[in-house]
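Architecture and fold: a report
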Amino acid sequence: MVEETMAVDSLGEIVFVDPGNAFEDSAGFYIYERSFLGYKAYKDFLEKNYPEVKCSVVTEGGVIDFKKCPNPSTCRRISKDEINLRKESADEYLQNVKGNVVALVLGKKGAERFLSMPCKVVYIAEVTRRIRYAIFHAESSRNGKIGVVDTLRAYLGFWKGELATRKMMRKSAGIQCNGPAAFESYGNLSRNSFLYFDHRVETVAKKKDFNKLPKSIAFSGNMSPLKGSKYIADISWAVYNLNPEIVFYLIGDGVDRQDILEKGAPNIVYKGFMSYKDEWEPFVRENIDLMVMPHLQGDPSMTYYETLGQGVPIIGFSNETLDFLVSQKMAWSVPQGDVQQLARKIDGILRAPGELAAASARARRFMTENLYSQVLARRIDHLVSILKANAS
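Residues numbered from 1 in each chain as written. Predicted model: local features only at pLDDT ≥ 70, side-chain atom pairs only at ≥ 80, totals over all residues. Heavy atoms only, no water.

1. Describing the nonpolar core
Soluble globular proteins tend to pack their nonpolar side chains together in the buried interior. Core analysis: the largest hydrophobic core is formed by 35 residues, its most contacted members being Phe-16, Leu-46 and Ile-380. The biggest single contributor to this core is helix 13 (residues 372–391), with nine residues. Excluding residues that lie within four positions of it along the chain, Phe-16 makes contacts with Tyr-39, Tyr-42, Leu-46, Cys-55, Ser-56, Val-57, Val-58, Leu-104, Ile-380 and Leu-383. Membership of the second largest hydrophobic core comes to 34 residues, among which are Ala-138, Phe-248, Ile-268 and Leu-350. (Core = buried A, V, L, I, M, F, W, Y, C linked by side-chain atoms within 4.5 Å. Buried < 20%, exposed > 50% of the residue type's maximum accessible area, 1.4 Å probe, protein only. Helix = DSSP H or I, 4+ residues; strand = E, 2+ residues; numbered from the N terminus. Contact = heavy atoms within 4.5 Å.)

Below, the structure written as structure tokens:
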């Protein structure tokens, strides 16, 4: 028996613009693993729910020699068809598209050029002016005190950049705001904007037991200035001096790893890099009572939401993203740089299992309403709605 298939009329095309590069060598094509998984999920969702919509992936830097890849260990070898990867750069591809096309583009400096191309542009908003300034301050302070002139020059530059960003966003067909800080700053610039939380949580952890001993905390992520790495060793000592029984796990890697391990307290246990699904999720879920995130800026790191998905509350330095979680009673914060207050708060919270359990329950409820599959569906539905409006 021959199965007959009906042709589906095309509604148009959604183009996902990657802000980096793809790579190739004689063995095939490569893209960063995290990016691949996202684009593959987009493609699969569209094929299942919107077969009338074509999708493509393009990179701003185009496809270049794999030997030029700065982090080859984090790449995955793929066939182009798996995600409909195009060899042309984003500019080359989008300047020549025809018909009904919507492009999803990271709203960074220079992205306004896509507005002049024959497609509708939806921007991803992630980093606000305040977060950009905090990133500048964290990166610059690594090399010593920042001069007044440099600070003023940077501040004026960020204001100019902010004006250009807002102008760009207003001209867009829509805005997808990653995190509450971005939504508060840019959500009102388009009638077609919405808030989402970017992460990889597919299932939420079950109820945790916070009465087990020993108590444990963890830092997870890139051990770099932006994530507050210069404070981690001091935090470990401050916590150790209050309660030497608290275990402090370090998960991840980064430029400051060795310095932290050399200067940190005896409570530190270094776990290294963990693959997300097979290692990180079960380890955090089963071993961590409280995640310590001393980030010096409020970029919407996936680690916030992926931690909450394991039922683990968060504590850290106040910033735009963490302050939102504090308002939802899933986290605690202290003023930036106040290591002693942070340590006292950690010790106090770990001595109150009921308080931890209540925050954990709120975290699990929040993440149940924002699972990866749900977030993905909302984002694709949003893009398709713009495609449909443009076709009518």
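2. Section: unusual backbone geometry
Going from Leu-213 to Pro-214, the amide bond is cis rather than trans, its omega being -5°. With respect to the helices and strands, Pro-214 occurs in the loop between strand 11 (193–196) and strand 12 (216–222). Look at Asn-84: it is not a glycine, yet its phi comes out positive at around 55°. Relative to the helices and strands, Asn-84 resides in the loop between strand 6 (75–78) and strand 7 (85–89). Residue Asn-84 is classed as partly exposed on the basis of its relative accessible area, which comes to 25%.

3. Observations concerning the environment of Leu-11
Inspection of the secondary structure puts Leu-11 in the segment before strand 1 (12–18). Through-space distance from the C-alpha of Leu-11 to that of Leu-350 is 54 Å; in sequence the pair is 339 residues apart. Excluding residues that lie within four positions of it along the chain, Leu-11 makes contacts with Glu-52, Val-53, Asn-100, Val-384, Leu-387, Lys-388 and Ala-391.

4. Quick look at the sheet that holds strand 9 (residues 120–125)
Ordered in space as 7-4-1-8-9-10-11, the seven strands form an open sheet in which the pairing is parallel. Edge positions in the sheet fall to strand 7 and strand 11, since each of these pairs with one other strand and no more. The average undirected angle you get between the axes of adjacent strands in this sheet is 25°. Across seven bridges, strand 1 lies against strand 4 (residues 53–59) in parallel orientation. Looking at strand 4, one finds that Gly-12 is bridged to Val-53. (Pairing = 2+ DSSP bridges. Axes fitted to C-alpha atoms, helices over the stretch in contact; angles between N-to-C directions.)

5. Some details on the sheet that holds strand 13 (residues 247–253)
The six strands are arranged 14-13-12-15-16-17 in an open sheet whose pairing can be described as parallel. Among the strands making up the open sheet, the edge pair consists of strand 14 (268–272) and strand 17 (331–334). Adjacent strand axes in the sheet meet at a mean angle of 25° when their direction is disregarded. Of the pairings in the sheet, the one linking strand 15 (residues 290–293) to strand 16 (residues 314–317) comprises three bridges and is parallel in character. Residue pairing for strand 16: Met-293 is matched across the bridge by Gly-316.

6. Re helix 1 (residues 33–49)
Between its first and last C-alpha, helix 1 extends 24 Å over 17 residues, near the 24 Å set by a 1.5 Å rise per residue. All of the buried residues in helix 1 are Phe-36, Gly-38, Tyr-39, Ala-41, Tyr-42, Lys-43, Phe-45 and Leu-46. Check the buried side of helix 1 and you find it contacts strand 1, strand 3 (28–32), strand 4, strand 6 and helix 13. (Expected span 1.5 Å × (residues − 1).)

7. Some words on the confidence of the model for the protein chain
Scored by pLDDT, the protein chain comes out at a mean of 93, with 96% of its residues at no less than 70. pLDDT under 50 marks residues 1–7. Its contacts with residues more than four places away, or in other chains, come to zero contacts. (pLDDT = per-residue confidence, 0-100.)

8. Looking at the pairing of strand 1
Of all seven residues that make up strand 1, seven are buried, and the element is covered over most of its length. Alternating positions in strand 1 separate into two faces, Gly-12, Ile-14, Phe-16 and Asp-18 on one and Glu-13, Val-15 and Val-17 on the other, with burial throughout. The pairing of strand 1 with strand 8 (residues 101–106) spans four bridges and is parallel. Within the sheet, the bridge partner assigned to Glu-13 lies in strand 8 and is Val-101.

9. Topic: the packing of helix 9 (residues 302–309) against helix 12 (residues 353–368)
The description of two packed helices rests on the angle between their axes and on the distance between the axes. Contact pair helix 9 / helix 12: the axes reach a minimum separation of 8 Å and the direction vectors enclose 110°. In this view, helix 9 runs roughly perpendicular relative to helix 12, as classed from their interaxial angle. In this structure, the crossing between helix 9 and helix 12 has a hand that is left-handed. Facing helix 9, whose interface residues are Tyr-305, Leu-308 and Gly-309, helix 12 presents Ala-363, Arg-364, Phe-366 and Met-367. Split by residue class, the contact of helix 9 with helix 12 holds five nonpolar, one polar and one charged. (Parallel < 35°, antiparallel > 145°, perpendicular 65-115°, else oblique. Left-handed = near helix turned anticlockwise from the far one by under 90°. Nonpolar A, V, L, I, M, F, W, Y, C, P; charged D, E, K, R; others polar.)

10. Looking at the packing of aromatic side chains
Enumeration over the complete set of coordinates arrives at 17 aromatic pairs. An angle of 90° between the planes, with centres 5.1 Å apart, marks the rings of Tyr-249 and Phe-283 as edge-to-face. A residue pair is termed long-range when its members are at least 10 positions apart, and Tyr-249 in strand 13 and Phe-283 in helix 8 (residues 276–287) qualify at 34 residues. Neither residue differs from the other here; Tyr-249 and Phe-283 are each classed as buried. Residues Tyr-305 and Phe-366 carry aromatic rings whose centres are separated by 6.5 Å and whose planes lie at 25° to one another, so their mutual orientation is stacked. A residue pair is termed long-range when its members are at least 10 positions apart, and Tyr-305 in helix 9 and Phe-366 in helix 12 qualify at 61 residues. (Phe/Tyr/Trp six-rings, centres within 6.5 Å; stacked < 30°, edge-to-face > 60°.)

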